[in-house]
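Analysis of the macromolecular model
Each chain is listed here by its residues.
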Amino acid sequence: MTDVLPRQIFPAGAKIFTEGDEGHFAYAIEQGTVEVSQLSKGRKVVLARLGDGELLGEMALVDGSPRSASAVATEETQVIVFERDDLQNRVSQADPLVQLLLRMTLDRLRTAQRVMLDSSAQAFGSKCRAEHVRSRHKLEADLQTAIDNDSLSLHYQPIVDLSNGRVAGFEALVRW
């Protein structure tokens, strides 16, 4: 007699799990695609797009940590469902060396995930800096055009001493 593993179908757009949730199940994708993402500084960062034969949600089952990412079916997706208790039972029966390798690999994966998110945030910062540079360059080009076309005019604005009402000096303003 063979064990029949439970299956589940997620329609396109369905959340399979959400970052921060407790992990009760892991999944093997039989058919379909899933996007795995994480929020970093308020931005969604796609960590992976998974397809047929790939696993997801296993990290939270192995180490008992909350979900470190969210997963959404990007098309109708059929999965095989693995329960936490069954997986933890199998891991606990594994050779101690296999258990150690699994823990170390999982720790490295979580570290790589954090580094990837930090790099993504830095890339976003670089994009913002690049947009700032482009904007500044455009302003400088527009200003040079205004100078070339004699579109600037000089105005003097008096600076008044409020204690006695007298003009204390002038401020030079250039208007475009």
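Structure first, text after, so check above.
Residues numbered from 1 in each chain as written. Predicted model: local features only at pLDDT ≥ 70, side-chain atom pairs only at ≥ 80, totals over all residues. Heavy atoms only, no water.

**Considerations on the pairing of strand S4 (residues 34-40)**
Burial of S4 is extensive: 6 of the 7 residues sit out of reach of the surface. Two strands pair when backbone bridges link them, and S4 and strand S5 (residues 43-50) are joined in this way by 7 bridges, in the antiparallel orientation. Its bridge partner being in S5, Gln 38 is matched across the sheet by Val 45. Here S4 folds back onto S5 in antiparallel fashion, the turn holding 2 residues, of which Lys 41 has a positive phi close to 55 degrees. Note: S4 against strand S7 (residues 70-73), 4 bridges, orientation antiparallel. Of the residues in S7, the one forming a bridge with Val 34 is Ala 73. (Buried < 20%, exposed > 50% of the residue type's maximum accessible area, 1.4 Å probe, protein only. Helix = DSSP H or I, 4+ residues; strand = E, 2+ residues; numbered from the N terminus. Pairing = 2+ DSSP bridges.)

**A short note on a negative patch on the surface**
Negative charge collects at one region of the surface, where Asp 52, Glu 54, Glu 75 and Glu 76 lie side by side. Considering the arrangement of structural elements, one finds Glu 76 in the loop between S7 and strand S8 (77-83). (Patch = residues over 30% accessible without salt bridge, like charges linked within 9 Å, V, L, I, M, F, W, Y side chains within 5 Å. Areas by Shrake-Rupley, 256 points an atom, 1.4 Å probe, with all protein chains shown as cover. Salt bridge = Lys/Arg side-chain N within 4 Å of Asp/Glu carboxyl O. Lys, Arg positive; Asp, Glu negative; His and termini not counted. Charge placed at Lys NZ, Arg CZ, Asp CG, Glu CD.)

**Comments concerning the environment of Gly 169**
Within the element layout of this structure, Gly 169 appears in strand S10 (residues 166-175). Here the alpha-carbon distance between Gly 169 and Tyr 156, two residues 13 residues apart in the chain, equals 9.6 Å. Once you skip the residues sitting within four places of it in the chain, Gly 169 turns out to touch Gln 157, Pro 158 and Ile 159. (Contact = heavy atoms within 4.5 Å.)

**Some points on the pattern of salt bridges**
In this structure the tally under the stated criterion is 5 salt bridges. Close ionic contact of Glu 35 with Lys 44 constitutes a salt bridge, the shortest N to O distance being 2.7 Å. Accessibility expressed as a relative area gives 13% for Glu 35, which makes it buried. Measuring nitrogen to oxygen at the nearest pair gives 3.2 Å for the salt bridge that ties Asp 86 to Arg 90. Placement of the pair is Asp 86 and Arg 90 together in helix H2 (residues 84-93), with a separation of 4 residues, close to one helical turn. Residue classification places Arg 90 among the exposed residues on the basis of a relative accessible area of 52%. Three or more residues joined by partner-sharing salt bridges are found here, namely Glu 35, Lys 44 and Arg 49.

**A few points about a nonpolar patch on the surface**
Together, Leu 154, Tyr 156, Val 160, Leu 162, Val 167, Phe 170 and Val 174 line one region of the surface with nonpolar side chains, adding up to about 810 Å² of accessible area. Only strand S9 (153-161) and S10 provide two or more residues apiece to the nonpolar patch. Positionally, Tyr 156 belongs in strand S9. Residue Tyr 156 is classed as exposed on the basis of its relative accessible area, which comes to 58%.

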